[in-house]
Amino acid sequence: MTTLNYTTREINLDFRIKVYGRTDDGRRINTLMGVSGIIDLIGVELLNKFLERAYRLVSDKTVCKLRRGLVVTFYNK
């Protein structure tokens, strides 16, 4: 099992995470999510990859798109 590279507290202090698109069961979503919700949706490995990218970039937001139609946006606080 893979673990997060950052703590939940650290992620929540630095970012707001918004998810847009369709889930695996076909529901449409457009909402802010917490760390546990995003882990359930995309998994720990992808979240680690996206967080590395968001911490590396110094812009106001980082947009990460998945092939299955989900768009995950990290807004810097």
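Notes on the structure follow. (Residues numbered from 1 in each chain as written. Predicted model: local features only at pLDDT ≥ 70, side-chain atom pairs only at ≥ 80, totals over all residues. Heavy atoms only, no water.)

With that out of the way, let us pick up the pairing of strand β1 (residues 15-22). Residues Phe15, Ile17, Val19 and Gly21 line the buried face of β1, whereas the alternating positions Arg16, Lys18, Tyr20 and Arg22 sit on a face that is not buried. Note that β1 and strand β4 (residues 71-76) share six bridges and pair antiparallel. Across the sheet, Lys18 pairs through a bridge with Thr73, a residue of β4. Two strands pair when backbone bridges link them, and β1 and strand β2 (residues 28-33) are joined in this way by six bridges, in the antiparallel orientation. Of the residues in β2, the one forming a bridge with Gly21 is Ile29. What sits between β1 and β2 in their antiparallel hairpin is a turn of five residues, with Gly26 showing a positive phi close to 95°. (Buried < 20%, exposed > 50% of the residue type's maximum accessible area, 1.4 Å probe, protein only. Helix = DSSP H or I, 4+ residues; strand = E, 2+ residues; numbered from the N terminus. Pairing = 2+ DSSP bridges.)

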